[in-house]
Amino acid sequence: MSLDQKPVPAQPSAGSGDTASGSGGTVTGDGGDAQGTPPVAWDVRQAGPWTHRDLAANGARFHIAELGEGPLVLLVHGWPEYWWAWRHQLAALAEAGYRAVALDLRGIGGSDRTPRGYDPGNLALDITGVIRSLGENRAHLVGHASGGTLSWVAAVMRPSVIQSLTVVSAAHPRDLRRALLTDRRQMAAFEHILGFQRPWIPERRLVADDAALVGRYLDAWTGRNQLDRAAVAAYREAIRIPSTAHCSIEPYRWLLRSMARPDGIQFARRMKKPITAPTLHVQGAADPVLLSHTALGGGEYVAAPYRWRLLPGIGHFPHEEAPEQFTAELLDWIGRHKD
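Conventions and cut-offs
- Residues numbered from 1 in each chain as written.
- Predicted model: local features only at pLDDT ≥ 70, side-chain atom pairs only at ≥ 80, totals over all residues.
- Heavy atoms only, no water.
- Helix = DSSP H or I, 4+ residues; strand = E, 2+ residues; numbered from the N terminus.
- Buried < 20%, exposed > 50% of the residue type's maximum accessible area, 1.4 Å probe, protein only.
- Contact = heavy atoms within 4.5 Å.
- Areas by Shrake-Rupley, 256 points an atom, 1.4 Å probe, with all protein chains shown as cover.
- Salt bridge = Lys/Arg side-chain N within 4 Å of Asp/Glu carboxyl O.
- 1 Å grid on protein atoms, 1.4 Å probe; cavity = no way out; pocket = protein on both sides within 12 Å on 5 of 7 lines; lining within 4 Å.
- Points joined across faces, edges and corners; volume = space filled by probe spheres on them.
- Nonpolar A, V, L, I, M, F, W, Y, C, P; charged D, E, K, R; others polar.
- Phe/Tyr/Trp six-rings, centres within 6.5 Å; stacked < 30°, edge-to-face > 60°.
- Pairing = 2+ DSSP bridges.
- Axes fitted to C-alpha atoms, helices over the stretch in contact; angles between N-to-C directions.
- Polar contact = N/O pair within 3.5 Å; in protein donor to acceptor, adjacent residues only side chain to side chain.
- Expected span 1.5 Å × (residues − 1).
- Bend = angle between axes of the 7 residues up to and from the residue.

Draft legend 1. Main features of the overall build of the chain. The secondary structure content of the chain amounts to 13 helices and 10 strands. By the burial criterion, 58% of the 339 residues in the chain qualify as buried. Sequence separation of at least 24 residues holds for 75% of the intrachain contacts in the chain that already meet a minimum separation of 6. Roughly 13500 Å² of accessible area belongs to the chain as shown, and the carbon and sulfur atoms make up 52% of that amount.

Structure representation (structure tokens):
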């Protein structure tokens, strides 16, 4: 299957039943016919060279897509994506001799939608717990946007588990906190996150009209290379899985609501701890969501080799807008830090 082809609905694998809250990763599509044939259900477990399975970690069940053998590279998506965001990198990493695993975060895709647990500390423990559940002691961790934020946190909380760190379109949590308190431009760029603070209304808006708003976000947040239409359609379907809209924005609610609370202040203090993993920091110069000057400076918190890469003309999704360029940077970085 071409990686840019529209995803083909796949049958759920064993163990893919209903989650703790909401469905197990399917959306009933429109259609059927005059003879009463039921509509086809769209499923997050898209067919491809990878395999799908579920595993337990940190008190929840997580869906992963896995391809290849070798050192583990764990790929963590951002919002409003799910594991499918890494389809290009899964294939390239496997071909290069790595065990590539793309994770659905808690509350998204085929993973459990739990009623609680969406603070960054717990979500980071989800990530490191998945690494352990995969039978590995260490992994090269790659995270985009909100997944990148959690990757920063995981590298602070469980440094022995992170062999190398690649952060994409994500400022260090302390830099992001500072920008949201002092930088009007970054506050304006996070207008959608400010809107997420209202109860229930954001969830309804996100899924209305077949998640048309999500499609508009994706188009507005890219640079010169728009995401392919099949990918946009897939992300619109994924946000419509019951409870996903709510669960996926809960971390953003924590982000803003905790700023003046003791837990948020304590978290910010904890993030002062130096990161000991070699860190590649990739940022699109045309990113309208996480501004490049907000992301710049993450090396201040890294007590290890650090590389900053600013990609001209690229927006919020470097791994999808320029997959070959991004993958080359990633392979070079993890190749330098295999041992």
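Draft legend 2. Local environment of the pattern of salt bridges. All chains considered together, the criterion is met by 20 salt bridges. The partner of E320 in a salt bridge is R87, and the shortest N-O contact between them spans 2.8 Å. Taken together, the residues E320 in helix α12 (residues 318-321) and R87 in helix α1 (residues 87-95) connect sequence positions 233 residues apart. Both residues of the pair, E320 and R87, belong to the buried class. For R336, the salt bridge identified is with D332, shortest N-O distance 3.0 Å. Highlighted residues: R336 and D332, both in helix α13 (residues 323-336), separated by 4 residues, approximately one helical turn.

Draft legend 3. Just empty space enclosed by the protein, in detail. For the structure shown, the criterion picks out 2 cavities of 30 Å³ or more. When its volume is computed, the largest cavity comes out at roughly 570 Å³. Lining the largest cavity are 40 residues; nearest its centre among them are S146, T149, L176, Y252 and L255. Among the secondary structure elements, those contributing two or more residues to the lining of the largest cavity are α2 (120-133), α3 (146-157), α4 (173-182), α6 (191-195), α9 (244-257) and α10 (262-270). Ranked by residue count, the leading element in the lining of the largest cavity is α9, at 6 residues. When the residues that make up the lining of the largest cavity are grouped by side-chain class, the tally is 26 nonpolar, 10 polar and 4 charged. Looking at the second largest cavity, its volume works out to about 50 Å³. W79, P80, E81, I108, A238, I239, T244 and S248 together form the lining of the second largest cavity. Elements that contribute at least two residues to the lining of the second largest cavity include exactly α8 (229-239) and α9. Classifying every residue of the lining of the second largest cavity gives 5 nonpolar, 2 polar and 1 charged.

Draft legend 4. Looking closely at the packing of aromatic side chains. Within this structure, the stated rule accounts for 14 aromatic pairs. For the ring pair W79 and Y252, a centre distance of 6.4 Å and an interplane angle of 90 degrees mean the geometry is edge-to-face. In this pair, W79 is assigned in the loop between β5 (72-76) and α1 and Y252 in helix α9, connecting sequence segments 173 residues apart. Each member of the pair, W79 together with Y252, is buried.

Draft legend 5. Representation of the sheet that holds β5. Pairing in this open sheet of 8 strands is mixed, and the strands run β3-β4-β6-β5-β7-β8-β9-β10 from one edge to the other. Across the chains shown, the open sheet's two edge strands, defined by having one partner strand only, are β3 (51-57) and β10 (306-311). In this sheet, adjacent strand axes meet at a mean angle of 20 degrees when their direction is disregarded. In the packing of α2 onto the sheet, the strands contacted are β3, β4 (60-67), β5, β6 (99-103), β7 (139-144) and β8 (162-168), and the crossing angle to β3 comes to about 110 degrees.

Draft legend 6. Just the side chain of H63, in detail. Within the secondary structure, H63 sits in strand β4. Here the side chain of H63 touches H52 through a polar contact of 2.8 Å, side chain to side chain. For H63, the contacting residues outside a window of four places in its chain are R45, H52, R53, D54, W83, A102, L103, D104, G110 and S111.

Draft legend 7. Geometry of helix α7 (residues 201-220). Between its first and last C-alpha, α7 extends only 21 Å over 20 residues, short of the 28 Å set by a 1.5 Å rise per residue. At D209, α7 shows its largest kink, close to 115 degrees. When α7 is considered as a whole, its buried residues turn out to be P202, E203, L206, A211, L213, V214, G215, Y217 and L218. Here the buried face of α7 lies against α6, α8 and α9.

Draft legend 8. View of unusual backbone geometry. Along the chain, W79 connects to P80 via a cis peptide bond; the corresponding omega equals 5 degrees. Structurally, P80 can be placed in the loop between β5 and α1. Positive phi outside glycine occurs at A145, with the angle close to 55 degrees. Among the secondary structure elements, A145 is positioned in the loop between β7 and α3. Accessibility expressed as a relative area gives 7% for A145, which makes it buried. At D209, a position not held by glycine, the phi torsion is positive, near 50 degrees. With respect to the helices and strands, D209 occurs in helix α7. For D209, a relative accessible area of 65% translates into the label exposed.

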